Amino acid sequence: MTTALNAAKYLLTLDNSEAGDLMSNLKLQKLLYYAQGVHLALHNRPLFSEVIEAWQHGPVCPSVYRQYKRFGSGAIPAPSGFDASVIGKKEREVLHEVHTVFGQFS
């Protein structure tokens, strides 16, 4: 099992800002929510243990929100020096698939 913050960092490394794909905190939170659900459905266990709360604009993992709230509604840059190997292969596959399917939407 990974952490929500590591899952968020991995999703940020997949972001393609050169193609106009910008990852806001709102979009990141929704992708984490979808990733948690997909991982639960496929592997019968959560991707991360942190709680996802229902907030006014959708699902939020508070620890990840606090980490990136300084960016407001703007784009969050990819983390420098993030080592994706801290996340297991199956977890990375789920995150990549969720990003591919849902990351294209604003």
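The text that follows walks through the structure, step by step, so that each part is easy to find.

Quick notes on the rules
- Residues numbered from 1 in each chain as written.
- Predicted model: local features only at pLDDT ≥ 70, side-chain atom pairs only at ≥ 80, totals over all residues.
- Heavy atoms only, no water.
- Patch = residues over 30% accessible without salt bridge, like charges linked within 9 Å, V, L, I, M, F, W, Y side chains within 5 Å.
- Areas by Shrake-Rupley, 256 points an atom, 1.4 Å probe, with all protein chains shown as cover.
- Salt bridge = Lys/Arg side-chain N within 4 Å of Asp/Glu carboxyl O.
- Helix = DSSP H or I, 4+ residues; strand = E, 2+ residues; numbered from the N terminus.
- Phe/Tyr/Trp six-rings, centres within 6.5 Å; stacked < 30°, edge-to-face > 60°.
- Buried < 20%, exposed > 50% of the residue type's maximum accessible area, 1.4 Å probe, protein only.
- Axes fitted to C-alpha atoms, helices over the stretch in contact; angles between N-to-C directions.
- Parallel < 35°, antiparallel > 145°, perpendicular 65-115°, else oblique.
- Left-handed = near helix turned anticlockwise from the far one by under 90°.
- Contact = heavy atoms within 4.5 Å.
- Nonpolar A, V, L, I, M, F, W, Y, C, P; charged D, E, K, R; others polar.

### Here we look at a nonpolar patch on the surface
Part 1: On the surface, a nonpolar cluster with roughly 450 Å² of combined accessible area is contributed by Y33, Y34, V101, F102 and F105.
Part 2: Where the nonpolar patch is concerned, the elements lending two or more residues are helix 2 (25–43) and helix 4 (89–102).
Part 3: Position of F105 relative to the elements: it lies in the segment after helix 4.

### Side note on the packing of aromatic side chains
Part 1: All chains considered together, the criterion is met by four aromatic pairs.
Part 2: Aromatic side chains Y34 and F102 sit 4.5 Å apart centroid to centroid with 25° between the ring planes, which places their arrangement in the stacked category. Highlighted residues: Y34 in helix 2 and F102 in helix 4, separated in sequence by 68 residues.
Part 3: Its relative accessible area of 35% is what places Y34 among the partly exposed residues.
Part 4: A relative accessible area of 30% places F102 in the partly exposed class.
Part 5: With centroids separated by 6.4 Å and ring planes inclined at 35°, the aromatic side chains of Y68 and F71 adopt a geometry described as tilted.

### Structural notes on the packing of helix 1 (residues 4–14) against helix 2
Part 1: Relative to each other, helix 1 and helix 2 sit at 115°, their axes nearing to 10 Å. Taken together, helix 1 and helix 2 sit at an angle that is classed as roughly perpendicular. Here helix 1 runs over helix 2; the crossing is right-handed. Here helix 1 contributes A4, A7, A8, L11 and L12 to the contact with helix 2, which in turn contributes L28, L31 and L32.
Part 2: Residues that form the contact of helix 1 with helix 2 fall into these classes: eight nonpolar, no polar and no charged.

### Comments concerning the pattern of salt bridges
Part 1: Within the structure shown, the criterion is met by two salt bridges.
Part 2: Residues R45 and E91 are paired through a salt bridge, measuring 3.2 Å at the closest nitrogen-oxygen approach. One end of the pair, R45, is in the loop between helix 2 and strand 1 (53–55); the other, E91, is in helix 4, with 46 residues separating them in the sequence.
Part 3: Judged by its relative accessible area of 33%, R45 is partly exposed.
Part 4: The exposure class of E91 is buried, given its relative accessible area of 7%.
Part 5: Here K89 and E93 are joined by a salt bridge, their closest N and O atoms 3.3 Å apart. In this pair, K89 and E93 both sit in helix 4, four residues apart, roughly one turn of the helix.
Part 6: For K89, a relative accessible area of 57% translates into the label exposed.

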